[in-house]
Amino acid sequence: MREIKFICVGRMREKHFIEAFSEYKKRLGAYCKFELAEVDEQRLPEKPSDKEIKAALLKEGGEIKKQIPKDAYVCCMCVEGKQKSSEELAELMLERENSGKPKLCFIIGGSYGICDEVKAMADFKLSMSKMTFPHHLARVMLIEQVYRGFKINEGSRYHK
């Protein structure tokens, strides 16, 4: 069975995001074993210094690294990543399924991103858009795209 894991910094609190995410998580059950790991977002002052931000990202990064499955293909969601179409993401998912690294792990950082150390561990860096989205909305968008990828790969009419 295929395995997909999301490692996310912070916890969703907004009911509408939780409900949307839960719906796609339920749908993914037919296609893969899905796991969500949430690591605590470090609290920072209202106007943190660069040093404070870096320290927080390093601490979050340490917790993220503990959650990365062994032998997983790691995809960091970050602004400097490459943008892919839905079809290209589906192709990446199919390649992973047919490779020696069928586990796929997506990492979504907090409001200040992901530390460089974790990004350096990534097999791929993915950007959703040049626009900025709330991180919790990004989770919903990503899980829908993963679901869409499975539907594309099965030849479903879901993706028109």
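Parameters and conventions
Residues numbered from 1 in each chain as written. Predicted model: local features only at pLDDT ≥ 70, side-chain atom pairs only at ≥ 80, totals over all residues. Heavy atoms only, no water. Core = buried A, V, L, I, M, F, W, Y, C linked by side-chain atoms within 4.5 Å. Buried < 20%, exposed > 50% of the residue type's maximum accessible area, 1.4 Å probe, protein only. Helix = DSSP H or I, 4+ residues; strand = E, 2+ residues; numbered from the N terminus. Contact = heavy atoms within 4.5 Å. Pairing = 2+ DSSP bridges. Axes fitted to C-alpha atoms, helices over the stretch in contact; angles between N-to-C directions. 1 Å grid on protein atoms, 1.4 Å probe; cavity = no way out; pocket = protein on both sides within 12 Å on 5 of 7 lines; lining within 4 Å. Points joined across faces, edges and corners; volume = space filled by probe spheres on them. Nonpolar A, V, L, I, M, F, W, Y, C, P; charged D, E, K, R; others polar.

J.: Outline the nonpolar core, supporting the account with residue identities and numerical values.
T.: Counting 28 residues, the largest nonpolar core has Ile4, Phe6, Leu28, Phe34, Phe106, Val146 and Phe150 as the members making the most contacts within it. The leading source of residues in this core is helix H5 (residues 135–154), at 6 residues. When residues no more than four places from it in sequence are discounted, the contact partners of Ile4 are Cys32, Lys33, Phe34, Glu35, Leu104, Phe106, Val146 and Phe150.

J.: How would you summarise the sheet that holds strand S4 (residues 103–108) if you had to cite specific residues and measurements?
T.: Spatial ordering of the open sheet is given by S2-S1-S4-S3-S5, a layout of 5 strands whose pairing is parallel. The open sheet is flanked by strand S2 (33–39) and strand S5 (124–126), the only strands paired with a single partner. In this sheet, neighbouring strand axes are inclined to one another by 25° on average, regardless of whether the strands run parallel or antiparallel. One ladder, built from 7 bridges, connects strand S1 (residues 3–9) with S2; its direction is parallel. Counted as the bridge partner of Ile7 is Ala37 from S2. Sheet contacts for helix H3 (residues 86–97): strand S3 (72–82), S4 and S5; angle to S4, the most-contacted strand, approximately 135°.

J.: For the layout of surface pockets, give the residues involved together with the corresponding values.
T.: The space that makes up the largest pocket amounts to roughly 440 Å³. Considering the residues around the largest pocket, the lining is formed by 21 residues, among which Met77, Cys78, Val79, Phe133 and His135 are closest to the centre. Here the lining of the largest pocket gets 4 residues from one element, more than from any other, and that element is S3. When grouped by side-chain class, the residues that make up the lining of the largest pocket number 11 nonpolar, 8 polar and 2 charged. Looking at the second largest pocket, its volume works out to about 340 Å³. Taken together, 15 residues line the second largest pocket, and the ones lying closest to its centre are Gly10, Arg11, Arg13, Glu41 and Arg43. Partitioned by chemical class, the residues of the lining of the second largest pocket number 2 nonpolar, 7 polar and 6 charged.

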